[in-house]
Structure formats: structure tokens, C-alpha cells
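Listed below are the residues making up each chain.
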Amino acid sequence: MIDVALVSVIRRWHLRDQMPIREIARRTGLSRNTVRKYLASACLEPVYPARKSPSKLDDYEETLTNWLFRESRRHRKQRRTVKQLYRDLLTLGYTGSYDRVAAFARQWRQDQQEARLLAAKRTYVPLEFAPGEAFQFDWSEDWVKINGVSTKLQIAHFKLSYSRAFFLRAYLTQSHEMLFDAHYHAFIAFGGIPERGIYDNMKTAVDKIGRGKQRQINKRFYAMVGHYLFEPDFCNPASGWEKGQIEKAVLDARHGLWYDPPPFNTLQDLNNWLQQRCRELWQEAAHPVLKSRSLAECLEDERPKLMSVPPAFDGFTEYAKRVSSTCLITFEHNRYSVPASFANRVISLRVYPQRLVIVAETQVVAEHERVFNRDKSTPGQTLFDWRHYLTVAQRKPGALRNGAPFLELPECFRQLRARLIKRPGGDREIVDILALVLLHDEQLVEQAVTLALEAGEPSKQHVLNCLSRLEAPERPRALTPPAALKLVTEPTADTARYDQLRSLRHEP
């Protein structure tokens, strides 16, 4: 360690008193080279050597370093853990603790990572985008209380690269149908579509990553891109700075919107709130570059450069499903009913964010509201449509008594069943009445049943009579002819005139 006081004296003797180096060396007992080194040194602060405490690992550091290099070159699944390396050191005579070995390995990895991140790789080129040129997209995970339950959500983030206007929409999964739906709502909120979209290499968009910018893009994702007519651009793997705007937007949302959100009754309520909050923040937030202008003002400048939004892309995910003998299909641990005519056959299931559409023979045969069930320990839900089972009930009317699908009948049908089921043949009569919904307007059938119940003695014929009267066309209104067409002497209904005519030929 340099003696700071001695250096100070040497510099004062030589620089202020003009004392020769030879004389300074004679007085201090130092060599002339040492004196020259002290005079050339600009550092007058005391520098202490790094403290190194002796450790039982000192004799094994070189061996452990070689082992860590060897393991770093192996495949991740074939690498030996630090605990295994510690056991190997014990066989060589190491008597220290595992914590010392783990700390050494941790510091070695950190040094290797810092060595790979050279100064050249830590520098970046600032990016600038033209109006309407690009948007950036990313997913994030956040928790919100919905219907009293803390729910894990997948949040789709969009950000226009010029105006920095952003948009968020929440979903329960990151599947294709959610991704497509998020794009449509974002484009509607922005008022148009930019020329390019910047993404990371998410599995719903990229099937395989090639060299450089080569990507095998998912066909369904490509169909969506072709519908909205923008160019997808994918970042290099593990290069989040290539879409730094959206990365920062995710972080800002986590510390802003998601810091203390209010509870919501439904997911739709949350998305309505997110859309409203985004629009409010466009007005409040200043542009990071054009600081005198808000995001909303910059967005107004960018909108003329955006392409108009076409009708929504039919963004469904399709699966082939076999219908069971009980007219049910299974999807995501839940069961949905299908018309009985398709039992034991393969149908096509089209999955949308909020609904399921069942297609057979190129026709939509059923539609259900989509149910999400994350608790796999429960048997899941079964969603019946009692109309799907009417053809079966016509062959087996006894199933009407305890059939699970018929527990959800409208109130008037349940009252009718309670009245007719006690009669002989009443179950078949009820089935015939229910089957009327297959041929007539269901609301009119319900009105006919209600009228029959109000009459006191409902029956199939009574319901048919009421239904025919409800479906009968409205009678035309009475005509009001003009005065010129009115008769001066209107005929009278007098049947006695016929008796007078008869009396001329026939005597009484």
C-alpha cells in the first residue's frame, strides 16, 4: 500500500522546492525508480488491498472452477448440481461446508455472465417510429378479484410505437382465440391498424425459430395477419430491448393500473373498466418525447396514417370431438350437450373466447356459453340444452320425469309437466307439447302453454288451439269508404221478403 504522507512529502520536495530526485532518494532511502513512480502517480487516496480470508476451499478452487466450466458446456438436463459437486469434493478431502461451495459457484456464474455481457452489447441505438408504422404486443400475468375470488389473468398489452397510446384487455388464457380477439379490440380502440406488429417468439405465433429472422409462423396466426393486413416482425430470442416500449408499458401497468384495482363482478366488467382507464390515461399522460402534448393528441395525429379496421377476424380454434351416447362432448374439463341426432358421431367444435359453436355437416347445430374451470379436482360442469334431447324423449317419454336436461325447463313448462304427469299418458303428451318448439316460435309456444294453464284444464289440444290463435294472421281493419261510394238506400236484412216471393207461386 502506498504511504500517502510520504508521497505528499516527495511531491512537495520535487515540485515546489525543486529538489532533485537523487537527493529525494538519499533522504527517503527509496530507489530513484520508486521516487519517479510516486511522482508520476496521480492517485493520492489510500488504497487498501482486497481482504482475502483463508478458507478450506482455497486448495480446491482450481478443481471446482474446472468442474463448473465442464458442467456449463453440458446440456441443461445433464448438468451436475452444486450439491453433487460438493459430494465429489468431499471424496478429495475437502472438509468445509456446502454453503461455501454454493457461494463460490454463485459468484463464478455471475462473473461468467458479466464477462459475456461486454460493454459493446450493453449499448443500444435509440429507435424512432413514423406515425402508423408499428405497434408492439406482449402478454403479462396479474391477479384481480372477480366475483369475490382472486383470479389469475393473462393481460394482452398493445402500444403504438409513435403516439405511445396503449391498450389492455384481460383473458383467462393465452390461447389463439384470445389473441385474435385482443387484436380486434385494440385496433377498434386505436381507430385503425399500423403497418407492422412487433412480437416476441410466443408459441401462438411462432411454431419454430430459425437462424436470424427466419421464423416458421403459425398458420392460424398468419391467417389473422392476412385478414388485418399488417406485417409481423419477431424479435431475436431473449432480446426484450427490441420491443422496449411494450416491456416498459407492462412494468408501468403493474405499478399503476394493477397496483390496487377495484373488485369486479365479471371479466367483462373488468375489460370495460380497462378500456375506460386507458382512454383516461391517454388524456392525462404526456408523450415521453413530445412532452408538451398528451398521448391522445399524438394519437389524433397518427390515426390518419392507420388503415381502417375491417370486420372482426373469425378467430376460433377448431377441434374434432366425438359425441357420447348421452349427447355430450367434453372440453376443458366441462361437458356440453349436442343435438341427439349427432350422438356417437364426430363433430367440429369451434372455440371462441366467450362461446363454443358446434358444427356438423357444414351447419351450426348448437352453441353454448363457454365455462372456465381451473379446479381440476372437481368433476366440472355439464351444460344441457333440453331442446337437444327432445327427439330422444319422443321415443322414451319416461325420461321426462328424471332426465337431467329437463331440470332447466321454463317455468310454464314445469307447471304443465306437474299437471299432466299425473294423467295416464301424460308424459307423452308433455313431450309432444315440448316438441312444438322445434317447429314453432318458442315464445309463442310458452304463451300458448300459459294461456292453457290459466284456463284451468291444460291439454295438448288446448295448447295447439291457443298456439293456432296466436299464430293466426291479424284480421284486416274495417274499410271507411269515401262519401261518393256510400249507398243512398242501404239494404236491410229482412228475411220476410223471401216469404212474399214464395207466396206468389205457392199458396199457404
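The coordinates are above.
Described in the following lines is the structure provided in the data block. All of these numbers come straight from a predicted model, not from anything done at the bench. (Residues numbered from 1 in each chain as written. Predicted model: local features only at pLDDT ≥ 70, side-chain atom pairs only at ≥ 80, totals over all residues. Heavy atoms only, no water.)

A closer look at the overall build of the protein chain
Along its length, the protein chain carries 18 helices and 14 strands. A compact globule built from 508 residues should have a C-alpha radius of gyration of about 23 Å, whereas the protein chain, at 42 Å, is more than 25% larger. In terms of principal-axis extent, the alpha carbons of the protein chain reach across some 180 × 70 × 40 Å. Sequence-distant contacts, at least 24 apart, represent 57% of the contacts inside the protein chain between residues at least 6 apart. As displayed, the protein chain offers around 31,800 Å² of accessible surface, 51% of which is attributable to carbon and sulfur atoms. Side-chain charges of the protein chain comprise 76 positive and 60 negative groups, with the mean position of each set lying 9 Å from the other. (Helix = DSSP H or I, 4+ residues; strand = E, 2+ residues; numbered from the N terminus. Rg over C-alpha atoms; globule rule 2.2 N^0.38 Å. Contact = heavy atoms within 4.5 Å. Areas by Shrake-Rupley, 256 points an atom, 1.4 Å probe, with all protein chains shown as cover. Lys, Arg positive; Asp, Glu negative; His and termini not counted. Charge placed at Lys NZ, Arg CZ, Asp CG, Glu CD.)

Remarks on the sheet that holds strand 14 (residues 382-383)
To summarise the sheet geometry, strands pair through backbone hydrogen bonds and adopt either a parallel or an antiparallel arrangement. Strand order in the open sheet made by the three strands is 9-10-14, with mixed pairing throughout. With partners counted over all chains shown, the strands left at the sheet margins are strand 9 (328-331) and strand 14, one partner each. Here strand 10 (residues 334-337) pairs with strand 14 via two bridges, running parallel. Counterpart to Y336 in the pairing with strand 14 is L383. (Pairing = 2+ DSSP bridges.)

Observations concerning the side chain of R370
Looking at the secondary structure, you find R370 in the loop between strand 13 (363-369) and strand 14. A polar contact of 2.9 Å, which involves the side chain of R370, links it to the side chain of E177. Only 3.0 Å separates the side chain of R370 from the backbone oxygen of Y352, close enough to count as a polar contact. Leave out the neighbours within four places in its chain, and R370 touches E177, M178, F331, E332, Y336, V351, Y352, P353, Q354, R355 and L356. (Polar contact = N/O pair within 3.5 Å; in protein donor to acceptor, adjacent residues only side chain to side chain.)

Looking at the nonpolar core
In terms of nonpolar packing, the biggest core is built from 51 residues, with F221, L270 and W282 touching the most fellow members. Elements with a contribution of two residues or more to this core: strand 1 (134-146), strand 2 (149-160), strand 3 (166-171), helix 7 (176-190), helix 8 (219-228), helix 10 (267-284) and helix 11 (295-302). The greatest single-element share of this core, amounting to eight residues, is contributed by helix 7. Among all residues touching L270, those that are not within four sequence positions of it are V144, I146, L153, A170, W258 and F264. If you look at the next biggest cluster of nonpolar residues, it comprises 30 residues, including C327, A343, F406 and I421. (Core = buried A, V, L, I, M, F, W, Y, C linked by side-chain atoms within 4.5 Å. Buried < 20%, exposed > 50% of the residue type's maximum accessible area, 1.4 Å probe, protein only.)

Side note on the pattern of salt bridges
Once the charged atoms of two side chains with opposite charge are near each other, the side chains can pair. Evaluation of the coordinates by the stated rule reveals 26 salt bridges. Between E23 and R26 there is a salt bridge whose closest N-O contact spans 2.4 Å. Of this pair, E23 and R26 are both found in helix 2 (residues 21-28), three residues apart, which corresponds to roughly one turn of the helix. Residue classification places E23 among the partly exposed residues on the basis of a relative accessible area of 23%. For D88, the salt bridge identified is with R80, shortest N-O distance 2.9 Å. Given the relative accessible area of 31%, R80 is considered partly exposed. Here the salt bridges do not stand alone but share partners, grouping D138, D200, K243 and E247 into one network. (Salt bridge = Lys/Arg side-chain N within 4 Å of Asp/Glu carboxyl O.)

Some words on the environment of L6
Secondary-structure assignment places L6 in helix 1 (residues 4-16). Given the relative accessible area of 26%, L6 is considered partly exposed. Considering only alpha carbons, one finds L6 and T28, 22 residues apart in sequence, at a separation of 8.6 Å. Apart from the residues lying within four places of it in its own chain, the contact partners of L6 are T28, L30 and Y38.

Describing the sheet that holds strand 8 (residues 317-322)
The four strands are arranged 8-11-12-13 in an open sheet whose pairing can be described as antiparallel. Since the sheet does not close on itself, it has two edges, and those belong to strand 8 and strand 13, each with one partner. Averaged over all adjacent pairs, the angle separating strand axes in this sheet is 25 degrees, with direction ignored. The pairing of strand 12 (residues 355-360) with strand 13 spans six bridges and is classified as antiparallel. Opposite V359, over in strand 13, you have V364 as the bridge partner. (Axes fitted to C-alpha atoms, helices over the stretch in contact; angles between N-to-C directions.)

A look at the packing of helix 4 (residues 61-72) against helix 5 (residues 82-91)
A pair of packed helices is characterised by two quantities: the angle between their axes and the separation of those axes. Between helix 4 and helix 5, the least distance of the axes is 11 Å, while the angle of their chain directions is 145 degrees. Of the two possible hands of crossing, helix 4 and helix 5 adopt the one that is right-handed. When helix 4 is examined against helix 5, the residues L64, W67, L68, R70 and E71 are found in contact with a partner set consisting of L85, D88 and L89. The residue makeup of the contact of helix 4 with helix 5, split by class, is five nonpolar, no polar and three charged. (Left-handed = near helix turned anticlockwise from the far one by under 90°. Nonpolar A, V, L, I, M, F, W, Y, C, P; charged D, E, K, R; others polar.)

Observations regarding helix 14 (residues 411-420)
Residues of helix 14 that are buried include every one of C412, F413, L416, R417 and L420, and no others. Buried residues of helix 14, seen end-on, are gathered within an arc of 140 degrees and therefore sit on one face of the element. Where helix 14 is buried, its residues touch helix 13 (399-402), helix 15 (426-434) and helix 16 (442-455). (Arc of directions from axis to C-beta.)

Things to note about the packing of aromatic side chains
Under the criterion given, the structure shown has 24 aromatic pairs. With centroids separated by 4.9 Å and ring planes inclined at 55 degrees, the aromatic side chains of F137 and F158 adopt a geometry described as tilted. Of this pair, F137 sits in strand 1 while F158 sits in strand 2, and the two are 21 residues apart along the sequence. We classify F137 as buried; its relative accessible area is 1%. Taking the relative accessible area as the measure of exposure, F158 reaches 0% and is therefore buried. Taken together, a centroid distance of 5.9 Å and an interplanar angle of 70 degrees make the contact between F187 and F230 edge-to-face. Here F187 is found in helix 7, whereas its partner F230 is found in the loop between helix 8 and strand 7 (231-234), with 43 residues between them in sequence. Taken as a pair, F187 and F230 share a single burial class, namely buried. Grouped by ring-pair contacts, the aromatic residues F135, F137, W139, F158, Y171, F187, Y199, F221, Y228, F230 and F234 constitute a single cluster. The ring of Y352 has R355 sitting right over it, with the charged end atom 4.1 Å from the ring centre. (Phe/Tyr/Trp six-rings, centres within 6.5 Å; stacked < 30°, edge-to-face > 60°. Lys NZ or Arg CZ within 6 Å of the ring centre and 35° of its normal.)

Focus: a positive patch on the surface
On the surface, a cluster of positive charge is made up of R76, K77, R79, R106 and R109. One can find R109 in helix 6 (residues 98-116). (Patch = residues over 30% accessible without salt bridge, like charges linked within 9 Å, V, L, I, M, F, W, Y side chains within 5 Å.)

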